[in-house]
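Results of the structural survey
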Amino acid sequence: MTINDAVAVTLNGVDPMWSTLEKIRYVYLTIGSMIQKDTDFFFSVDNKLGEANLSLDEIKAIYRDKKDTGDLKVICRSAAYILERIYTELGIESKLLKTNGIISAIQGEEEFLIHHWILVVKDGKNNYFLTLSADLAY
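Anyway, here's the lowdown on the structure attached to this text. (Residues numbered from 1 in each chain as written. Predicted model: local features only at pLDDT ≥ 70, side-chain atom pairs only at ≥ 80, totals over all residues. Heavy atoms only, no water.)

Brief notes about the overall build of the chain
The condition that has to hold: Numbering of helices and strands runs from the N terminus; a helix is a DSSP stretch of H or I covering at least four residues, while a strand is a stretch of E covering at least two. Only C-alpha atoms enter the radius of gyration, while the globule expectation follows 2.2 Å times N to the 0.38, with N the number of residues. Here the term buried applies to any residue with accessible area under 20% of the maximum for its type, exposed to any over 50%, and partly exposed to those in between, with areas from a 1.4 Å probe on protein chains only. Note on contacts: a residue pair is in contact if any heavy atoms of the two residues lie within 4.5 Å. Accessible surface is estimated by sampling points in the Shrake-Rupley manner with a 1.4 Å probe; for residues, cover comes only from the protein chains shown.
In terms of regular secondary structure, the chain is built from six helices and five strands. Radius of gyration (C-alpha) of the chain: 16 Å, near the 14 Å computed for a compact globule of 138 residues. Scored against the burial criterion, the 138 residues of the chain give a buried share of 41%. Residue pairs in contact within the chain that sit at least 24 positions apart in sequence constitute 59% of those at least 6 positions apart. Surface exposure of the chain reaches about 7,900 Å², of which carbon and sulfur atoms provide 50%.

Now the structure itself:
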């Protein structure tokens, strides 16, 4: 299954009669059951994979990937982009936010700053702050 397949399955499962909150929750849980955290990314940032660490260029590519296509591995940023894509298709207002939380990927003399991203989803007067990648283990 690709990310586009997972998005299609999720969108097809939404009942147009549901409330906005029901749609928000359904999308979050459904797409969350299909994607997986990119552990190689995080272990490589922390230099825990030894010779199997991803290169800094690979880390940068994963960080910048908006997951328009490809496999089901995500980080917080790409998970937020996927949710935003689905909510936009459903006509649900959302906005990506880059937080102040930063981790550094360092290889040799080069450092790459990686921000944590969340998605704010609007339901009438309520705003929900979603960070799907943190929930994937659950």
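A few points about the side chain of Asp38
Test applied: Charged residues are defined narrowly, with Lys and Arg counted positive, Asp and Glu counted negative, and His plus the chain ends left uncounted. Here, a salt bridge means any Lys or Arg side-chain nitrogen found within 4 Å of an Asp or Glu carboxyl oxygen.
For Asp38, the position within the fold is in the loop between strand 1 (36-37) and helix 3 (39-45). Lacking a salt bridge, the buried Asp38 has Lys73 as its closest oppositely charged neighbour, with an N-O distance of 5.1 Å. Ignoring anything within four residues of it in the chain, the contact list for Asp38 reads Ile62, Lys73, Val74 and Ile75.

Here's the deal with the environment of Lys48
Mapped onto the elements of the fold, Lys48 is located in the loop between helix 3 and helix 4 (56-64). Of the residues examined, Lys48 reaches a relative accessible area of 58% and is grouped as exposed. Each residue touching Lys48, except ones within four places of it in the same chain, is listed here: Phe43 and Asn53.

Quick notes on the packing of aromatic side chains
We count it as follows: Classification of ring pairs rests on two measures: the distance between centres of Phe, Tyr or Trp rings, Trp counted by its six-membered ring, which must be within 6.5 Å, and the angle between planes, read as stacked under 30 degrees, edge-to-face over 60 and tilted in between. For a ring to carry a charge above it, either NZ of a lysine or CZ of an arginine must fall within 6 Å of the ring centroid while also lying within 35 degrees of the normal to the ring plane.
Under the defined criterion, the tally for this structure stands at three aromatic pairs. Measuring from centroid to centroid gives 5.0 Å for Phe41 and Phe42, while their planes differ by 85°, and the two rings are edge-to-face. A centroid spacing of 5.5 Å and a plane angle of 85° characterise the contact between Tyr63 and Phe112, whose relative ring orientation is edge-to-face. Placement of the pair is Tyr63 in helix 4 and Phe112 in strand 4 (residues 110-123), with a sequence separation of 49 residues. Exposure class is identical for Tyr63 and Phe112. Each is buried. Here Arg77 stacks its cationic end above the ring of Tyr63, 5.0 Å away from the centre of that ring. Stacked on the ring of Trp117, the Lys or Arg Arg77 has its end atom at 4.9 Å from the ring centre.

A word on helix 2 (residues 20-34)
Applied cut-off: Expected helix span is taken as 1.5 Å per residue step, with the number of steps being one fewer than the number of residues.
Here helix 2 contains 15 residues, and its C-alpha end-to-end distance of 21 Å stays within 8% of the 21 Å for a straight helix at 1.5 Å per residue. Burial in helix 2 covers these residues: Lys23, Ile24, Val27, Tyr28, Thr30, Ile31, Gly32 and Met34. For helix 2, the elements touching its buried residues are helix 1 (3-12), strand 1, helix 5 (76-89), strand 4, strand 5 (126-130) and helix 6 (132-135).

Observations concerning the environment of Ser104
Applied cut-off: By the criterion applied in these results, polar contacts are pairs of N or O atoms within 3.5 Å in which, for protein atoms, one can donate a hydrogen and the other can accept it, and in which residues neighboring in sequence qualify only through two side-chain atoms.
Its location among the elements puts Ser104 in strand 3 (residues 94-107). Using a relative accessible area of 30% as the deciding quantity, one classes Ser104 as partly exposed. Separated by 52 residues in the primary sequence, Ser104 and Ala52 place their C-alpha atoms 18 Å from one another. Those residues in contact with Ser104, other than ones at most four positions away along the chain, are Val45, Glu111, Phe112 and Leu113. There is a polar contact of 2.9 Å between the side chain of Ser104 and the side chain of Glu111.

Here's the deal with the pairing of strand 3
Basically, it comes down to this: Strands qualify as paired when DSSP identifies two bridges or more between them.
Note that strand 3 and strand 4 share eleven bridges and pair antiparallel. Each bridged residue has a counterpart across the sheet, and for Ile106 the counterpart in strand 4 is Glu111. Hairpin connection from strand 3 to strand 4: two residues lie between these consecutive antiparallel strands, with Gly108 at a positive phi of about 65°.

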